[in-house]
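Observations on chain architecture
The chain contents come next:
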Amino acid sequence: MQHKITAKANGLIDPDCLSYIQEIVLLRSCEGKRYREIATESGYDYDYVKEVGFQLWKTLSQLLGRKVTKKTARMLLAELDDPILLNAPILAKAPLPRVIEFPNSPVAIDSRFYLERSALESLAYREILKPGGLLQIRAPRQMGKTSLVLRLVAYAQSQGMVPVLLDFQSADRRVFRKLDDFLRWLCIQVSRQVNLEPQLDKYWDEESGSKSSCNVYFQMFLLDQAKKPIVLILDEVTPLFEYPELAKDVLPLFRIWHELAAQHPIWQKLRLVVVRNIELYVPLNVYQSPFNVGVPIDLSAFDVHQSFQLAQCYELEQLNEPDLNSLNTLVGGHPYLLQLAFYWLKQNIPIESILKEAATDAGIYGHVLKRQWNGLQQSPNLLAAFRKILDDSEAVTLELITAYQLESLGLVKWNRNQVKVCCPLYQVYFENLLCSE
């Protein structure tokens, strides 16, 4: 969907076209919303929305011949000739966008490019409806975890629940240094997202300890005040694993909250969703770990049928079955890598060129391959382990922590109790790269 806007500049009428995300940024900015709010509502990455805004104001400034900023955007709309853009509610009712955005952020909630794993979504939705439910979502990087989380948030809202989304990656590192600091941070974040003024001093008792105080705060304040069930989504808990002593105290809390629902009705108001990209490698008592209770959901690679469905979403009539099979095999069915290929196919890059140059820095996956290489270089142990995997034609046995870390990067996959390179794309690229050193 594109709307043409016109602006009178220097006595001339200059046409320009807004993409769907540019419309979102323009209209929501005129409503006085911040970039972070726009990103949350639209499902786009915050940094991406911010960059779109920067480029949008720059383009409009050039078009109008005067400086346009986020603050002056409302005044701009009054001068546009297209009445469609003057009515923000029309956007919400408009058909799905025909403009294809570069796939560098979670799939927006209204995007036609989200491929449902229907059985998994249904399972996830059912679990957060259960009083005291606990859902675990696990997958390597860029497999669709955040896109699914966005849909859980929307579903929770549609069912009259209050979703609370906490991303541990957004917390300052100082928060992870002390248990008390972390739990107070967690309580403050939840309070604000359920529209309650934090009251930690009233419920925090140093004599009882931080964990006890946190439990009391949830039970006697947050859940007691809550008129609707709270779906607490702990998005990307992996940073906790970097602080083993903190993790040993915090992770069991999530299990305790889940188990309290069977004893105290008030805890049934809380439903937990724990999202991570690697397996736990912090030693916990089996009866304390939150990762062996609840409903687990592992997001796996797409099979050929799912890849075909995704190609249909992109309306790729020119992609035949043999080429699709070759592409799917090359990237191991990885959703993000498939989306990248489909995006460039829509830009009229031939499939032959994509396949031929895929495992090179000049190909469409160049930035992905370089990022993976940079990650390996930062950890000599991981690089040495990955070399070992590349040199062996069969699956390899590694130390568990090392295997989990390589899996979190999306470089390996499990074959029973061993690991192997996840796809030919990485096998060919890294073999060529390491041989040339």
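Structure first, text after, so check above.
Cut-off values and rules
Residues numbered from 1 in each chain as written. Predicted model: local features only at pLDDT ≥ 70, side-chain atom pairs only at ≥ 80, totals over all residues. Heavy atoms only, no water. Helix = DSSP H or I, 4+ residues; strand = E, 2+ residues; numbered from the N terminus. Contact = heavy atoms within 4.5 Å. Buried < 20%, exposed > 50% of the residue type's maximum accessible area, 1.4 Å probe, protein only. Arc of directions from axis to C-beta. Polar contact = N/O pair within 3.5 Å; in protein donor to acceptor, adjacent residues only side chain to side chain. 1 Å grid on protein atoms, 1.4 Å probe; cavity = no way out; pocket = protein on both sides within 12 Å on 5 of 7 lines; lining within 4 Å. Points joined across faces, edges and corners; volume = space filled by probe spheres on them. Nonpolar A, V, L, I, M, F, W, Y, C, P; charged D, E, K, R; others polar. Phe/Tyr/Trp six-rings, centres within 6.5 Å; stacked < 30°, edge-to-face > 60°. Disulfide = S-S within 2.5 Å.

Let's talk about the side chain of Asn277
With respect to the element layout, Asn277 can be found in the loop between strand S6 (270–276) and strand S7 (295–298). When near neighbours in sequence (up to four residues on either side) are disregarded, Asn277 contacts Ala139, Pro140, Arg141, Lys145, Glu236, Thr238 and Ser408.

Brief notes about helix H13 (residues 321–331)
What H13 keeps buried is the set Asp323, Leu324, Leu327, Asn328, Leu330 and Val331. Each buried residue of H13 sits inside an arc of 160° when the element is viewed along its axis, so together they form one side. Summarising the geometry of H13, the exposed residues directed more than 90 degrees from the buried face are Glu321, Pro322 and Thr329. On the buried face of H13, the contacting elements are helix H12 (304–313), helix H14 (335–346), helix H15 (351–357) and helix H19 (424–435). N-cap assignment for H13: the residue whose side-chain oxygen lies 2.8 Å from the backbone N of Asp323 is Asn320. Downstream of H13 by a residue or two, Gly332 has a phi angle that is positive, lying close to 65°.

A closer look at the layout of surface pockets
By volume, the second largest pocket amounts to about 350 Å³. Lining the second largest pocket we find 17 residues, and of these Pro140, Met143, Ala301, Val412 and Lys413 sit closest to its centre. Split by residue class, the lining of the second largest pocket holds nine nonpolar, four polar and four charged.

Quick word on helix H18 (residues 400–408)
When we look at burial in H18, the residues that qualify are Thr402, Ala403, Tyr404, Leu406, Glu407 and Ser408. Buried residues along H18 sit in contact with strand S3 (134–138), helix H16 (366–377), helix H17 (380–391), strand S8 (412–415) and strand S9 (418–421). At the C-terminal side of H18, Gly410 shows a positive phi close to 85°.

Thoughts on the packing of aromatic side chains
Any aromatic ring pair is given by two values, namely how distant the centres are and how the planes are angled relative to each other. Under the definition given, this model contains 23 aromatic pairs. Between Phe102 and Tyr343, the ring centres sit 5.1 Å apart and the planes meet at 90°, which makes this aromatic pair edge-to-face. Here the residue Phe102 occupies a position in the loop between helix H5 (88–93) and helix H6 (118–129), and Tyr343 occupies one in helix H14, the gap between them amounting to 241 residues. Here Phe102 falls in the partly exposed class, since its relative accessible area comes to 26%. Between Phe218 and Trp267, the aromatic rings sit 6.4 Å apart at their centres with planes inclined by 10°, giving stacked as the arrangement.

Describing the state of the cysteines
All chains considered together, the criterion is met by zero disulfides. Sulfur of Cys187: no disulfide; nearest cysteine sulfur belongs to Cys214 and is 3.7 Å away.

A closer look at empty space enclosed by the protein
For the coordinates displayed, the defined rule picks out three cavities of 30 Å³ or more. In this structure, the second largest cavity spans a volume of roughly 40 Å³. As for the second largest cavity, its lining consists of Arg141, Gln142, His334, Val368, Arg371, Gln372, Leu409, Gly410 and Tyr426. Per-element accounting of the lining of the second largest cavity gives the leading share, three residues, to H16.

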